[in-house]
Amino acid sequence: MGSRLVGYGAYLPERVVTNKDFEKLMDTTEEWIVSRTGMQERHFARDDETVADMATSAAELALKNSNLSIDDIDMIIVATTTPELDFPSVGVQVQGRLNATKTVPAFDVRGACTGYIYAMHCARAFFAAGMYKRIMIIGAEKMTRFINWEERGTAVLFGDGAGALIFEESNDKDTGIIDTVVMADGTGFGMLHGTLDHKISMNGPETYKKAVTLMPEAAAFIMKNAGITVDQVDWLIPHQANLRIMKTAAETIGFPLEKVVVTVDKYANTSAASGVLALAYGMDNGIIKKGQLILYPAFGSGLTWGSALFRV
Ligand code: UT7
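Note that the coordinates shown come from a computational prediction; the quantities given were computed from them, not determined experimentally.

Describe the domain arrangement of the protein chain, listing the residues and the values that go with them.
Examined at the domain level, the protein chain breaks down into domain 1 (2-170) and domain 2 (176-311). Taken over C-alpha atoms, the centre of domain 1 sits 15 Å from the centre of domain 2. Listed by partner, the interface residues are 51 residues for domain 1 and 50 residues for domain 2. Interface of domain 1 and domain 2: buried area, both sides summed, is about 4,100 Å²; carbon and sulfur atoms make up 67% of it. Taken as a group, Y8, Y116 and F146 account for 17% of the area that domain 1 buries against domain 2, more than any other trio of residues on that side. Here domain 1 is connected to domain 2 by one salt bridge.

How would you sum up the side chain of T270? Please name residues and give values.
Note on placement: T270 falls in the loop between α9 (264-267) and α10 (274-284). Residue T270 is classed as buried on the basis of its relative accessible area of 1%. Reaching out from T270, the side chain makes a polar contact with the backbone nitrogen of S274 at a distance of 3.1 Å. Setting aside chain neighbours within four positions, we find T270 in contact with E141, M143, G159, D160 and L277.

Help me get a handle on the nonpolar core, residues and values and all.
Of all hydrophobic cores here, the largest spans 43 residues; its most connected members are I253, F255 and L295. Mapped onto this core, the elements with two or more residues apiece are α7 (204-226), α8 (243-252), β12 (293-300) and β13 (304-311). With eight residues, the top contributor of residues to this core is α7. Residues lining this core come from more than one domain, with at least three contributed by each of domain 1 (2-170) and domain 2 (176-311). Counting 35 residues, the second largest nonpolar core, distinct from the first, contains L5, I137, V261 and A280.

Give me the lowdown on the site of the ligand, citing residues and values where you can.
Close contacts around the ligand come from 23 residues, with T28, R36, H239, N242 and N269 the closest. Between the ligand and G204 there is a distance of 3.1 Å, counted from a nitrogen atom to a backbone nitrogen or oxygen. N269 places a side-chain nitrogen or oxygen 2.7 Å from an oxygen atom of the ligand. When isolated, the ligand has an accessible area of 950 Å², and the protein chains bury 72% of it. Taken together, the elements giving at least two residues each to the shell around the ligand come down to α2 (30-37), α6 (152-155), α7 and α8. Here the shell around the ligand gets five residues from one element, more than from any other, and that element is α7. Class assignment of the residues belonging to the shell around the ligand gives a composition of 11 nonpolar, eight polar and four charged.

Can you lay out unusual backbone geometry for me, pointing to particular residues and giving the numbers?
With an omega of -5 degrees, the peptide bond running from F87 to P88 counts as cis. Tracing the sequence through the fold places P88 in the loop between β4 (75-79) and α4 (90-97). In this model, G302 is joined to L303 through a cis peptide bond whose omega is -5 degrees. Along the chain, the position of L303 falls in the loop between β12 and β13. The backbone of N67 shows a phi angle near 55 degrees, a positive value even though the residue is not glycine. Relative to the helices and strands, N67 is located in the loop between α3 (51-65) and β4. Owing to a relative accessible area of 73%, N67 belongs among the exposed residues under this scheme. Positive phi is not limited to glycine here, since H198 has a value of about 60 degrees. Note that H198 resides in the loop between β9 (192-194) and β10 (200-202).

Thresholds, definitions, all that
- Residues numbered from 1 in each chain as written.
- Predicted model: local features only at pLDDT ≥ 70, side-chain atom pairs only at ≥ 80, totals over all residues.
- Heavy atoms only, no water.
- Domains from an automatic or database assignment.
- Contact = heavy atoms within 4.5 Å.
- Buried area = accessible area lost by both parts, 1.4 Å probe.
- Salt bridge = Lys/Arg side-chain N within 4 Å of Asp/Glu carboxyl O.
- Helix = DSSP H or I, 4+ residues; strand = E, 2+ residues; numbered from the N terminus.
- Buried < 20%, exposed > 50% of the residue type's maximum accessible area, 1.4 Å probe, protein only.
- Polar contact = N/O pair within 3.5 Å; in protein donor to acceptor, adjacent residues only side chain to side chain.
- Core = buried A, V, L, I, M, F, W, Y, C linked by side-chain atoms within 4.5 Å.
- Near = heavy atom within 4 Å.
- Areas by Shrake-Rupley, 256 points an atom, 1.4 Å probe, with all protein chains shown as cover.
- Nonpolar A, V, L, I, M, F, W, Y, C, P; charged D, E, K, R; others polar.

Take a look at the structure:
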């Protein structure tokens, strides 16, 4: 069994924080942030707004868009790195908030910024095994909980948000999640990790070097596996960590820059929500059309990296 995408939803908190706002908060400039990252603004969740709140809002929209109810869903997988509660999972919290009456598996995966690809990887395997009919994948993060306001090199980089995708089983192997690859290298822990006092610790330049190598590697691997070349792919949606990284990744695999979907300017880096939000943005704005083929590489803390290939 393969799959097909039947719905999606995106949630972004109301508060928009611009680069100018950061100029008032720390020793930085709009020029530095734009030239080094491509970021213009990002959304910050309210203090009382949780990852589960945002995930639930995105899930509600995805269900509405697909004319389904929560009881039509057979599995909920949430990719998140920033849940407020150690237990239960955000997946279970979403299930409860949507008043599901059917008892189905709901759980979280923690793949940092690669989390949404890890979730897709799980979903692809479950569909291939013929175990579930409909799987909802949610990427949700409140990265601002981890901002170190003393550290201008990382404070300006992150935003909050959530995106949800609903996939349904299909006999067509060329729709939905066609292929996925995920990798991890725990020896890269020191480059980018959360600290015990809930702060982001990152060696920016070292992480950058890994990102521009491993994302194109994963994208090239998955194209080779599928026996396709860049001209057969409609859109490249890389993890939205830095516009320079995204451009370099595209150039490395010979992908035209005008076919790269960019939201890093509007949402900054939303970690496990990043790719899902970019996909939703592309579809909401008529950039991505039904039937198009998407190459979806990601990279993050762990180190983790990977890519999906899917048709919307
Ligand atoms: O999502 C998971 C994966 N994450 C990533 O892939 C992020 C990877 N890393 C990056 O995107 C980039 O390394 C950053 C955007 C984090 C930083 O850009 P960079 O070009 O690597 O800058 P840098 O860290 O080498 O710093 C260059 C200069 C330094 O000043 P000096 O030492 O050259 O005088 C920093 O102190 O920029 C300074 N700087 C800032 N200046 C103004 C660092 N942060 C800021 C800031 N405003 N916010």
